Amino acid sequence: MPVETPDDDEVRVETTLSAISPGTELLVYRDQVPDDMPIDETIDSLNGAATYPLSYGYATVGTVTAAGGGVDDEWIGRRVFAFHPHASHFCVPPEALVRVPPGVADEDAVLLAMVETAVSLVMDGDPNIGERVAVFGQGVVGLLTTALLARFPLSRLVTFDHCESRRERSRALGADASRPPDDAGEAFETGDGRADLAYEVSGNPAALDAAIATTGDDGRVVVGSWYGSKRTTLDLGGRFHRSHIRLQSSQVSRVDTDHAGRWDKERRLDLVVDLLSELGPSELVTHRLPVEDAPRAYRLLDQTPEEALQVLLEY
């Protein structure tokens with residue numbers, strides 16, 4: 001396929017790395033996405049229905065190699081991040097790109113979208129000093145959320161995941177304990193034995209019921225998972241009815257109204273770029289494969305979650 005020539009208001013990016021989202025992209029891979037809704041209305045390249053064949057992905061890093069006549073040539077040679085599907089080259093307006101600072105490695109920059117999601121989750125949960133917090137799911141987003149929460153003066157941070165390797169990573173990132181989901185009932189030894197705040201980021205609908213059961217009266221449950229077309233069954237007929245537990249959906253494409261007075265997506269993105277060097281999200285990368293091996297990359301994530309945490313495609 002010939003390389004595109006940028007329009008007057010565009011630049012052309014040559015990709016070096018792209019990251020496969022182990023959550024949303026696996027839903028697409030497994031055909032578990034409703035086909036009557038856009039993939040993402042906030043990203044121009046993804047504002048289409050989930051019908052196959054589908055060009056997908058939203059985490060790409062590369063170098064600008066050409067600029068249209070209406071774009072300043074100073075863009076040429078810049079390293080950039082783009083919310084764009086996997087591709088060796090693509091053309092977009094400069095305002096669709098995020099400049100990668102000189103001190104940030106491509107391997108960290110390509111995970112910007114995952115860090116942004118974790119930042120959004122933490123902001124929406126609004127953890128307070130001394131709170132007990134639970135995180136269900138220690139995939140890439142769950143681990144980054146744990147790493148951010150570990151910076152807060154919480155009384156206890158407990159995480160849950162089926163994979164022991166992920167639980168080990170979770171403890172290394174600052175979780176006080178990390179356990180299999182079946183142990184959720186014994187997470188907190190103080191107070192009423194329940195969490196003040198719980199996050200559900202496992203992608204498993206059954207985990208939402210566990211998160212609610214682990215949360216104490218008047219607590220909060222932030223639902224960061226997108227279940228796609230998977231059905232969710234909740235036990236709301238018992239203690240939940242009188243618990244005043246608040247369920248909140250959280251999705252990175254919007255800034256919650258509780259923060260919108262002082263925050264917008266641009267300010268949040270600036271924070272995320274600053275965090276890339278501090279968090280070092282590339283430590284979560286388990287596999288790097290040539291883009292030609294993309295089918296194998298998706299099989300690894302789909303079939304061996306205990307081994308494959310984050311897979312990057314090289315170009």
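Before reading on, note that the structure itself is shown above.
Since we're looking at a predicted model, the values are computed, not measured.

Novice: I'm lost on the overall build of the chain in this one. Help?
Specialist: Along the backbone of the chain there are 9 helices and 13 strands. Whereas a compact globule of 315 residues would reach a radius of gyration of roughly 20 Å, the chain reaches 20 Å, a difference of no more than 12%. In terms of overall dimensions, the chain has a C-alpha envelope of 65 × 40 × 35 Å along the principal axes. A burial count over the chain gives 50% of its 315 residues as buried. In the chain, of all internal contacts separated by at least 6 residues, the share reaching a separation of at least 24 is 67%. Looking at the chain, you have 28 positive and 53 negative side-chain charges, and the mean spots of the two groups are 6 Å apart.

Novice: How should the pairing of strand β2 (residues 60–67) be read in this particular structure?
Specialist: The side chains of a regular strand alternate, residue by residue, between the two faces of the sheet. Where strand β1 (residues 11–19) and β2 come together, 7 bridges link them in antiparallel fashion. Within the sheet, the bridge partner assigned to L17 lies in β2 and is V61. Judged from the 4 bridges that link them, β2 and strand β3 (residues 79–82) form a sheet pairing that is antiparallel. Among the inter-strand pairings, G62 is bridged to a residue of β3, identified as V80.

Novice: Would you explain empty space enclosed by the protein in this entry?
Specialist: A probe as big as a water molecule, rolled over the atoms, marks out the empty space that is left. Inspection of every chain in the model, using the stated rule, returns 1 cavity of 30 Å³ or more. Approximately 30 Å³ is the volume found for the largest cavity. In terms of residue class, the lining of the largest cavity is made up of 8 nonpolar, no polar and 1 charged.

Novice: I'm lost on the side chain of T159 in this one. Help?
Specialist: In this fold, T159 is placed in strand β7 (residues 156–160). For T159, the side chain forms a polar contact with the side chain of S170, separated by 2.7 Å. Setting aside chain neighbours within four positions, we find T159 in contact with V135, Q138, T146, S170, A175, A177, S178 and R179.

Novice: Would you mind going over unusual backbone geometry with me for this structure?
Specialist: Of all residues except glycine, most have a negative phi; of all peptide bonds, most are trans. Unusually for a residue other than glycine, D31 sits at a positive phi of about 60°. The residue D31 is located in the loop between α1 (24–29) and β2 in this model. In this structure D31 comes out as exposed when scored by relative accessible area, which is 53%. For H244, which is not glycine, the phi dihedral falls at a positive 60°. Mapped onto the secondary structure, H244 falls in the loop between α7 (240–243) and β11 (246–249). Owing to a relative accessible area of 60%, H244 belongs among the exposed residues under this scheme.

Novice: I tried to follow the pairing of strand β6 (residues 132–136) on my own but got confused; where do I start?
Specialist: Counted residue by residue, β6 has 5 buried out of 5 residues, so it is predominantly covered. In β6, alternate side chains face the same way, and those of R132, A134 and F136 on one face and V133 and V135 on the other are all buried. Taken together, the 5 bridges between β6 and β7 define a ladder with parallel strand orientation. Of the residues in β7, the one forming a bridge with V133 is L157. The parallel pair β6 and β7, bridged by helix α4 (residues 140–149), forms a crossover whose chirality is right-handed.

Novice: Help me out: how do you make sense of the sheet that holds β11 in this one?
Specialist: Two orientations exist for strands paired in a sheet by backbone hydrogen bonds: parallel and antiparallel. Reading across the sheet, the 6 strands line up as β8-β7-β6-β9-β10-β11 and stay open at both edges, with parallel pairing between neighbours. With one partner strand each, in any of the chains shown, β8 (177–179) and β11 form the two edges of the open sheet. The mean inter-strand angle of the sheet, taken between neighbouring strand axes irrespective of direction, is 15°. Sheet topology note: the β7/β8 ladder contains 3 bridges and is parallel. What sits directly across from T159, in β8, is S178. Running at roughly 165° to β6, α4 makes contact with β6, β7 and β9 (195–200) of the sheet. Along the sheet, helix α5 (residues 164–172) makes contact with β7 and β8, crossing β8 at roughly 165°.

Novice: When you look at helix α6 (residues 205–214) in this model, what are you seeing that I'm missing?
Specialist: Of the positions making up α6, those classed as buried are P205, A207, L208, A211, I212 and T214. The buried residues of α6 all sit within an arc of 160° when viewed along its axis, so they share a single face. Its buried side turned inward, α6 meets β6, β9, β10 (215–223), α7 and β11.

Novice: Looking at this structure, how should I read the pattern of salt bridges?
Specialist: Oppositely charged side chains can form a pair if their charged atoms are brought close together. In the structure shown here, the tally under the stated rule is 15 salt bridges. A salt bridge links E107 to R288, with the shortest nitrogen-to-oxygen separation between them at 2.7 Å. Here the residue E107 occupies a position in helix α2 (residues 106–109), and R288 occupies one in strand β12 (residues 287–290), the gap between them amounting to 181 residues. Note that D217 and R239 form a salt bridge whose closest N and O atoms lie 3.3 Å from each other. Of this pair, D217 sits in strand β10 while R239 sits in the loop between β10 and α7, placing them 22 residues apart in sequence. Bridged by salt links that share partners, the residues E74, R78 and R99 form one connected network.

About the cut-offs
- Residue positions within a chain follow its written sequence, with the count starting from 1.
- Predicted model: local features are reported for residues with pLDDT of at least 70 only, side-chain atom pairs are reported and counted for 80 or more only, and whole-chain, interface and lining totals are derived from all residues.
- To get the side-chain values, take all heavy atoms of the structure and skip hydrogens and water.
- Numbering of helices and strands runs from the N terminus; a helix is a DSSP stretch of H or I covering at least four residues, while a strand is a stretch of E covering at least two.
- As defined in this context, the radius of gyration uses C-alpha atoms, and a globule is described by 2.2 Å times the residue total to the power 0.38.
- For the exposure calls, accessible area comes from a 1.4 Å probe over protein chains only, and a residue counts as buried if that area is under 20% of its type's maximum, exposed if over 50%, partly exposed in between.
- Every residue pair with non-hydrogen atoms within 4.5 Å of one another is taken to be in contact.
- When charges are counted, neither His nor the chain ends are considered; positive counts come from Lys and Arg and negative counts from Asp and Glu.
- A charge is said to be at NZ when it belongs to Lys, at CZ for Arg, at CG for Asp and at CD for Glu.
- At least two bridges found by DSSP between two strands is the condition for calling them paired.
- Here a cavity is any set of points on a 1 Å grid over the protein atoms alone where a 1.4 Å probe fits but cannot get out, and a pocket is any open set with protein on both sides within 12 Å along at least 5 of 7 lines; a residue lines the site when it has an atom within 4 Å of a point.
- Grid points are joined across faces, edges and corners, and a volume is the space filled by probe spheres set on the points.
- Gly is put with the polar residues, along with every residue not named as nonpolar or charged; the nonpolar set is Ala, Val, Leu, Ile, Met, Phe, Trp, Tyr, Cys and Pro, and the charged set is Asp, Glu, Lys and Arg.
- Polar contact is defined as a pair of N or O atoms within 3.5 Å, subject to the rule that within protein one atom must be able to donate a hydrogen and the other to accept it, and that residues adjacent in sequence are counted only when both atoms are side-chain atoms.
- If the strands point away from the viewer and the path from the first strand over the helix to the second runs clockwise, then the crossover is right-handed.
- Inter-axis angles, ranging from 0 to 180 degrees, are taken between N-to-C directions of lines fitted to C-alpha atoms, where helices are fitted over the stretch in contact.
- To be clear, the arc concerns the directions from the helix axis to the C-beta atoms.
- The salt bridge criterion pairs a side-chain nitrogen of Lys or Arg with a carboxyl oxygen of Asp or Glu, the two atoms within 4 Å.

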